[in-house]
Amino acid sequence: MFRFNSWNFFSIIASLIIFIPIIIIITNFNAEAENWSHIKENLLFSYIGSTLLLVIGVGLTSTIIGVGCAWYVSCYEFYGRKFIEWILILPMTIPTYIAAFSYYDTIENFNSFFLWCRNNIGLDLTMRIENTFVYLVVIILFSFVLYPYVFLSVRASLMIQGSRVIEAANTLGLPTNILLKKIIIPIIRPAIIAGVSLVVMETLNDYAAVEYFGISTLTVGIFRSWFGMYDVESALKLSSCLIMLVFLLLVLEKIYRKGARYNNNGGTNSLRKMKVGNKKQFMIIIFCLTPFIFGFFIPTVRLFTWMLSSYVNMFELNLIKAFLNTIFISIVSSFTIVLLAYFINFTKNYFNNDACKKISQLAILGYSMPGAIVAIGILKFGSAINNLVSIVLIGSIFGLIFSYIVRFFAVAWQPIDSSMEKFCKNINQASRTLNVNPFKIMKNINLPILSKPILIAGLIVFIDISKELPLTLIIRPFNFDTLATLTYDLVNQAQFLQSAIPSLLIILISIPAILVIKTQMDKGN
């Protein structure tokens, strides 16, 4: 169905503008690059291998932690369950690079062991052991702060889909291990994959943590080609390789999820918890507290201790300015992103335009791209705009906001799109049949109904932007620091004690938003 009007026109134009930086990267794959032959022959295989190893390790470990914690807090009654259920989402407030910096001396504590290995078993074998140890540390650290994506997704699925199945299995006396393996895992498989997909995207996006630990991923290779070799074309080719890797992962996800659908009919939202003995309660509590302790408690305590030891003047570090910059850019960007997502979703849903539906899907591809890749596309696009109309996009606040729109548009799109399809589709179709003014329907009907998913979408985008580092590091205006870039700059100067204050502020900014999201999701269930 095609009904072209100003609503569809502006929706399509907005979607295409958001997609332009992404298509620029893809179409530049065959560009001539000065250092590409050297990178392809000596570095590319290492970049791809390191990236795959990290993605697989973090994905599997996060799945074990997230699914295990969700299963225990949803299905078992044990001491402190409600409190543990709340604190399990707190590691989500800590960016991967802050978690890495807070454990900066972990490997140094094993120097005596590596020295013994070097003297007794040889240099080559010692280097292999040390490299393996570094990968294990990074995989565990990433998993302890990224597992909440899997935990929240699986917990919601268990509450919606698993209640009746679990109650029936308990009535029949089915053993727990068989129930989990044969019935629950297949049911919650789409939720697991959805959560793991977010974990993988966050892992691919990281730059500071893997650079600090000396792991050469594709993202690190992009930065080295760009800022080390001053070869943007080689960085574009590496970006294309990373895009192909992401695309492959997304295709595998779609194939694996083929035919799997959520079904929220017929279940109750309140599970009857299984009671267990004291010994098993103790084991469950230890399992659930471990990721919280290593993913949130220890990093936060260490940062707080460093802050007390630093004796830093907040004005000397421009902390207040960086804090205000972070709040300002996060609020303005998240509001703009949510507004655009709501407008395009309403247009697509109300007018039922096929062109608008298909083109809007292009705009959500940015979240599957790491920030470094999006930054390259933004710079190329900004340069072209500047040559055409003399508008300065790069190095401006507007350019930074636009880069966040490209990167995080999908984060706001998904909850608004699914909620509008579920709650507003029939209302919008009836209103269109009756020729009701679409603006009135959007403002007076859809907006009140979707206020909760819009709030959740805005808060998630706010958190992501306040933590974003690679994209901000490249696109930010001159002399414009956020808390993330200030933390990175201080750590680069080995000022770990001083970096504690902006790191803690990032966490403090995110905690209230996370708690509001958790409360709203619980009310929704």
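Everything here concerns the structure above.
Reading guide: rules and limits
- Residues numbered from 1 in each chain as written.
- Predicted model: local features only at pLDDT ≥ 70, side-chain atom pairs only at ≥ 80, totals over all residues.
- Heavy atoms only, no water.
- Helix = DSSP H or I, 4+ residues; strand = E, 2+ residues; numbered from the N terminus.
- Buried < 20%, exposed > 50% of the residue type's maximum accessible area, 1.4 Å probe, protein only.
- Contact = heavy atoms within 4.5 Å.
- Areas by Shrake-Rupley, 256 points an atom, 1.4 Å probe, with all protein chains shown as cover.
- Core = buried A, V, L, I, M, F, W, Y, C linked by side-chain atoms within 4.5 Å.
- Axes fitted to C-alpha atoms, helices over the stretch in contact; angles between N-to-C directions.
- Parallel < 35°, antiparallel > 145°, perpendicular 65-115°, else oblique.
- Nonpolar A, V, L, I, M, F, W, Y, C, P; charged D, E, K, R; others polar.
- Salt bridge = Lys/Arg side-chain N within 4 Å of Asp/Glu carboxyl O.
- Phe/Tyr/Trp six-rings, centres within 6.5 Å; stacked < 30°, edge-to-face > 60°.

**Q** Even after reading the chapter, I still don't get the overall build of the protein, so can you show me in this structure?
**A** A tally of regular secondary structure across the protein gives 22 helices and 2 strands. Burial analysis of the protein (525 residues in total) assigns 54% to the buried set. Long-range contacts, defined here as pairs at least 24 residues apart, represent 86% of the contacts in the protein between residues at least 6 apart. Carbon and sulfur atoms provide 65% of the accessible area of the protein, an area that totals close to 24,100 Å².

**Q** Sorry if this is basic, but what is going on with the side chain of Arg81 here?
**A** Following the sequence through the fold, Arg81 ends up in helix 4 (residues 81–87). Those residues in contact with Arg81 that lie beyond four places of it in its chain are Val73, Tyr76 and Lys273.

**Q** Sorry, what's going on with the nonpolar core here?
**A** Burial of nonpolar side chains together is a common tendency in soluble globular proteins. Counting 167 residues, the largest nonpolar core has Phe151, Ile337 and Phe409 as the members making the most contacts within it. Ranked by residues supplied to this core, first place goes to helix 7 (residues 123–172) with 18 residues. Look past the residues within four positions of Ile337 in its chain and what remains in contact with it is Tyr404, Ile405, Phe408, Phe409, Ala412, Val461 and Ile465.

**Q** Teacher, can you tell me more about the environment of Ile416 here?
**A** Counting through the fold element by element, Ile416 comes out in helix 16 (residues 397–423). Aside from chain neighbours lying at most four places away, what touches Ile416 is Val338, Ala341, Tyr342, Asn345, Ile454 and Ala457.

**Q** Explain the packing of helix 1 (residues 6–27) against helix 15 (residues 371–389) to me, please; I cannot follow it from the model alone.
**A** Where helix 1 meets helix 15, the axes come as close as 8 Å, and the angle between the chain directions of the two elements is 100°. In terms of axis orientation, helix 1 runs roughly perpendicular to helix 15. Here Ile20, Pro21, Ile24 and Ile25 of helix 1 lie close against helix 15, whose contacting residues are Ile373, Val374, Gly377, Ile378, Lys380 and Phe381. The residue inventory of the contact of helix 1 with helix 15, partitioned by class, reads 8 nonpolar, 1 polar and 1 charged.

**Q** What's the story with the pattern of salt bridges in this structure? I'm lost.
**A** Oppositely charged side chains may form a pair once their charged atoms are brought near each other. In total, this model carries 6 salt bridges according to the counting rule given. In this structure, Glu85 and Arg155 form a salt bridge, with 2.4 Å as the shortest nitrogen-oxygen distance. Within this pair, whereas Glu85 is found in helix 4, its partner Arg155 is found in helix 7, the two being separated by 70 residues in sequence. Here Glu85 matches Arg155 in class, with each residue buried. In this structure, Lys348 engages Asp417 in a salt bridge whose closest nitrogen and oxygen atoms are separated by 3.0 Å. Placement of the pair is Lys348 in helix 13 (residues 319–351) and Asp417 in helix 16, with a sequence separation of 69 residues. On the basis of relative accessible area, Lys348 is assigned to the buried category, the value being 7%. A single network of salt bridges, built from pairs that share partners, joins Glu77, Arg81, Glu85 and Arg155.

**Q** What should I look at first to understand unusual backbone geometry in this one?
**A** It is generally the case that most residues other than glycine have a negative phi and that most peptide bonds are trans. Of note, Asn435 is a non-glycine position whose phi angle comes to about 60°, a positive value. The class of Asn435 is exposed, set by a relative accessible area of 64%.

**Q** What am I meant to see in the packing of aromatic side chains here?
**A** Aromatic ring pairs are defined here through the distance separating the ring centres and the angle between the ring planes. Tallied over the full model, the rule gives 20 aromatic pairs. Arranged with centres 6.2 Å apart and planes meeting at 45°, the rings of Tyr207 and Tyr488 form a pair that is tilted. One end of the pair, Tyr207, is in the loop between helix 8 (176–205) and helix 9 (208–212); the other, Tyr488, is in helix 21 (residues 483–492), and 281 residues separate them in sequence. Judged on exposure class, the residue Tyr207 and its partner Tyr488 are both buried. Seen from their ring centres, Phe292 and Phe296 are 5.8 Å apart, and the 25° between their planes marks the pair as stacked. Here Phe292 and its partner Phe296 are both found in helix 12 (residues 278–310), 4 residues apart, which amounts to about one turn of the helix. Looking at Phe292, the relative accessible area reads 12%, which means it is buried. Here a set of aromatic residues connected by ring pairs shows up, and it is made of Trp7, Phe343, Phe346, Tyr350 and Phe351.

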